[in-house]
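Descriptive analysis of the structure
For reference, the chains in residue letters:
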Amino acid sequence: MVRPRNGKMIAGVCAALAARFGIPKALVRLGFVLFGLFGVGELAYIALWIIIPKEK
């Protein structure tokens, strides 16, 4: 799994997860927004931003 250079909004985390699991990017983004309301989404996004390597 890698963060793509194209098709991303901020860091490409949602695009990478959507490609990996075969679901729409909008659904993954919506999930992060919903989890962000509880304070978990931001932390998870930042952690995945650091962990998932960028596409070469």
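Preceding this section is the structure that the text describes.
A look at helix 2 (residues 25-36)
For helix 2, with twelve residues, the first-to-last C-alpha span of 16 Å sits near the 16 Å given by 1.5 Å per residue. When we look at burial in helix 2, the residues that qualify are Val28, Phe32 and Gly36. The arc that holds the buried residues of helix 2, viewed along the axis, is 80°, so those residues lie on one side. In this structure, helix 2 carries Ala26, Leu27 and Val33 as exposed residues pointing more than 90 degrees from its buried face. The inward-facing, buried residues of helix 2 abut helix 1 (13-21) and helix 3 (41-51).

Considerations on the environment of Lys54
For Lys54, the location among the structural elements is in the segment after helix 3. The exposure class assigned to Lys54 is partly exposed, which follows from its relative accessible area of 45%. Expressed as a C-alpha distance, the spacing of Lys54 and Gly12, which sit 42 residues apart in the sequence, is 8.4 Å. Residues in contact with Lys54, not counting those within four places in the same chain, are Val2, Arg3 and Arg5.

A few points about the packing of helix 2 against helix 3
As a packed pair, helix 2 and helix 3 sit with axes 7 Å apart at the nearest point and diverge in direction by 130°. On the basis of the axis angle, helix 2 is oblique to helix 3. Contacts between helix 2 and helix 3 involve Phe32, Phe35 and Gly36 on the former and, on the latter, Gly41, Glu42, Ala44, Tyr45 and Leu48. Across the contact of helix 2 with helix 3, the residue classes tally to five nonpolar, two polar and one charged.

The rules behind each value
The numbers attached to residues start from 1 for each chain and follow its sequence in the written order. Predicted model: local features are reported for residues with pLDDT of at least 70 only, side-chain atom pairs are reported and counted for 80 or more only, and whole-chain, interface and lining totals are derived from all residues. Just so you know, side-chain values use all the structure's heavy atoms and leave hydrogens and water out. Only DSSP runs of H or I with at least four residues qualify as helices, and only runs of E with at least two residues qualify as strands; both kinds are numbered from the N terminus onward. Given a helix with a known number of residues, its expected span is that number minus one, times 1.5 Å. Burial classification: accessible surface area is computed with a 1.4 Å probe over protein chains only, and a residue below 20% of its type maximum counts as buried, one above 50% as exposed, and the rest as partly exposed. Working definition: the arc comes from the directions between the helix axis and the C-beta atoms, pointing outward to the latter. Pairs of residues are marked as contacts when any of their non-hydrogen atoms sit within 4.5 Å. Geometry is summarised by axes, namely lines fitted to C-alpha atoms with helices restricted to the contacting stretch, and by angles between N-to-C directions that run from 0 to 180 degrees. We call two directions roughly parallel when the angle between them is under 35 degrees, roughly antiparallel when it is over 145, roughly perpendicular when it lies between 65 and 115, and oblique otherwise. Polar here means any residue other than Ala, Val, Leu, Ile, Met, Phe, Trp, Tyr, Cys and Pro, which are nonpolar, and Asp, Glu, Lys and Arg, which are charged; Gly is therefore polar.

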